[in-house]
Structure formats: C-alpha cells, structure tokens
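# Results of the structural survey
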Amino acid sequence: ADVDDARRVAGQLGIDHHVFNFTDAFESSVVGPYVSDHAAGRTPNPCIECNRKIKFGLLLDRALRLGFDALATGHHARVVADDSSARLRRGTDIAKDQSYVLSMLGQGELARVLFPVGEMTKDEVRAHARRLGLRTATKPDSQDVCFIGSAEGRQGFMAGRLDLHAGEVVDAAGNPAGTVEAVELVTVGQRRGMGHGGDGKRRYVTHVDVAARRVTVGGADAVARSSVFLPGDSVTWVDGPLTGGAARAVAQVSAHGRPIPCTVDADDERGGLAIRFETAQRPVAPGQTVALYDADDPDAVIGAGVAA
C-alpha cells in the first residue's frame, strides 16, 4: 500500500518515479547480521543498520547518481543547516522522535536528505495523509522489526534461520535459577522471563554465554552499570568528534529511552570511547547503539557508537 500510494501521489504531481529492488542487499546487510549477532549473544538494532546501509547508503547513492538533489524520508527528525554545517535534531513530536535510529548520519548524508514530517506531530501527518486520500492515513503504527511477521514472532523467525538452544539460568554464584527456551534470544539487561530471586525481587540478565548455553541473572543492584565502551570503529560523528578530555553529553541507549547525562572520554588503551553515566543504569547490551546528544542542546545529535 505504501508503494501504491507513493506511485499515485507521484502521478498526481507529474513526477517520474522508480522502484528499486534492494532485496539481496537488505538480506546481506541487515537480516544476515541480525541473525549472526543473535547467534553470538549480541543485541543488534536492524533499523539502524537499515538506515546506515540501505536507506542512507544504497538508496541515497542511487538517487545522487540518477541526478536527484536530495532523498526525502518519513522519519520524525529534523535537519537544521547553516552556512557551515548541518545539525540532526529530534523531531517535533517527541513521542515519535526517530533521531536515535538516524544518529549514525554525518555531514555527507545530512546535506542531501529531507525529513518533511520532522516538524509535524503524528496526528498532523495523518490528517495531511487523509487530505491526500492516502490509504496509509489510518495505518497502525509499526512497533516491531519490519521483516518479522507478527504471527511468527522473533522466535519463529529465528528458528527458521538459526538453531536455537535451551539454556540454564544461574545466579552470580552459579546456583541454578531456571531455564530459557532459546539462549540466543536473551538480552543483557532483560527482565521478562527471568522470574524473581529468593528475596522476591525481580531478576535481570547480567551475562549471556551462548557457547555454554548459560544465562546469568542478578538483582537490580547487580545489573546496574556506570559506563559502557564504544569501540572506535563503530563510532560516528555528526560534525566532528568531541575534544578536550571528558566532555559532557547526553546518552540514549534505545529508540525511545530516557536521555542520560554522561561524560565521553577517549579510551586510548582499548581504542574507542568510554561513556560514563551520571547515575548507574541497566546495562547496555553488546550490539546496542548508544546515541550521543549535545549536553547544552539535548535535541541535537552529536554522534553514536555500538556497545562492545
């Protein structure tokens, strides 16, 4: 329906249109790594990798080679440019803000992209779609990974591509604390399905060992972390890196997570960035993206990296 609506509007506006098939690239750059990361006990973000490799990689490159001036998408984010650079900012509708999944974009991409709904609320977008007669005006919001059907779910999807293994759950001392159906689908920091400890308090995942088929759990105090490391080869900057030692910033570790005041410092020994949170947080799972925002202008993205 989305493609049909786009074709119809393009026809109404007298705009030439093309449909490109990036199925193979999507499989190799997004779906394949998503499966491989789970097999290794990591927690990938396929939306970010789709944006990085497909939308603002292959598609933007194709658009520019065909002579188009810019690529427009429906992301709830804003690009604010001046004579020297462009800034990536949160969308006006904070509840729908998608700056987190765009946090890997740099000046090269931002100079060539448009986010026309970034200044609008979702209700305003739907009202405009109804005025245009688009069938997607009443389409439910998407909440899940786009390539996983609601009927099969993540476990059903992964079972068709990866051998899933039951695993034991243990506490910090190694004492048995239950089982999980598929250790490959467990995430560091996860609470759901982990039950309660002997003290009646909730348990959280502190470590996942896929090879040993073992999940370690602990209480909220045991799982809390004050820092996370971002390997240098995963770090990107919107407009140049932070400099001058421990720099103030605001971190966000999930698409709609709470912004967390932090400091960002070079970790020369490991070759990356050390992110230190102002207050201890639930752990950032390996593979998760940490988006960094300006401490003095917390709507502005300054960079991102993937947790080790």
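Higher on the page you've got the structure.
Residues numbered from 1 in each chain as written. Predicted model: local features only at pLDDT ≥ 70, side-chain atom pairs only at ≥ 80, totals over all residues. Heavy atoms only, no water.

## Section: the environment of Ala-63
Basically, it comes down to this: Numbering goes from the N terminus for both helices and strands, where a helix is a DSSP run of H or I of at least four residues and a strand is a run of E of at least two. The buried label goes to any residue with under 20% of its type's maximum accessible area, the exposed label to any with over 50%, and the partly exposed label to all in between, with areas taken from a 1.4 Å probe on protein chains only.
Along the chain, Ala-63 falls in helix H3 (residues 46–65). Among the residues examined, Ala-63 registers a relative accessible area of 10% and is labelled buried. Linking Ala-63 and Gly-257, residues 194 residues apart in sequence, is a C-alpha distance of 33 Å.

## Topic: unusual backbone geometry
Located in the positive-phi region is Arg-213, a residue other than glycine, with phi close to 55 degrees. The topology assignment puts Arg-213 in the loop between strand S7 (204–209) and strand S8 (214–218). Residue Arg-213 is classed as partly exposed on the basis of its relative accessible area of 40%.

## Details of the packing of aromatic side chains
Definition in use: In summary, the pairing rule links any two rings of Phe, Tyr or Trp, Trp by its six-membered ring, whose centres are within 6.5 Å, and it sorts them by plane angle into stacked for under 30 degrees, edge-to-face for over 60 and tilted for everything else. We count a charge as sitting over a ring when the NZ of a lysine or the CZ of an arginine lies within 6 Å of the ring centre and within 35 degrees of the ring normal.
Applying the stated rule across the entire model yields five aromatic pairs. Ring centres of Phe-26 and Phe-147 lie 5.8 Å apart, and the angle between their planes is 75 degrees; this geometry places the pair in the edge-to-face category. Taken as a pair, Phe-26 in helix H2 (residues 23–39) and Phe-147 in the loop between helix H5 (122–132) and helix H6 (153–159) lie far apart in primary sequence, 121 residues in all. Relative to Phe-147, the ring of Tyr-34 lies with its centre 5.3 Å away and its plane at 85 degrees, an arrangement referred to as edge-to-face. Taken together, the residues Tyr-34 in helix H2 and Phe-147 in the loop between H5 and H6 connect sequence positions 113 residues apart. Take Tyr-34: its relative accessible area is 4%, and that puts it in the buried class. One aromatic cluster is present, built from ring pairs that chain together Phe-26, Tyr-34, Phe-147 and Phe-157. The ring of Phe-20 has Arg-62 lying over it, and the distance from NZ or CZ to the ring centre is 4.8 Å. A cation sits over an aromatic face here: Arg-90 above Tyr-293, 4.0 Å from the ring centre.

The values reported here are purely geometric and, on their own, carry no functional implication.
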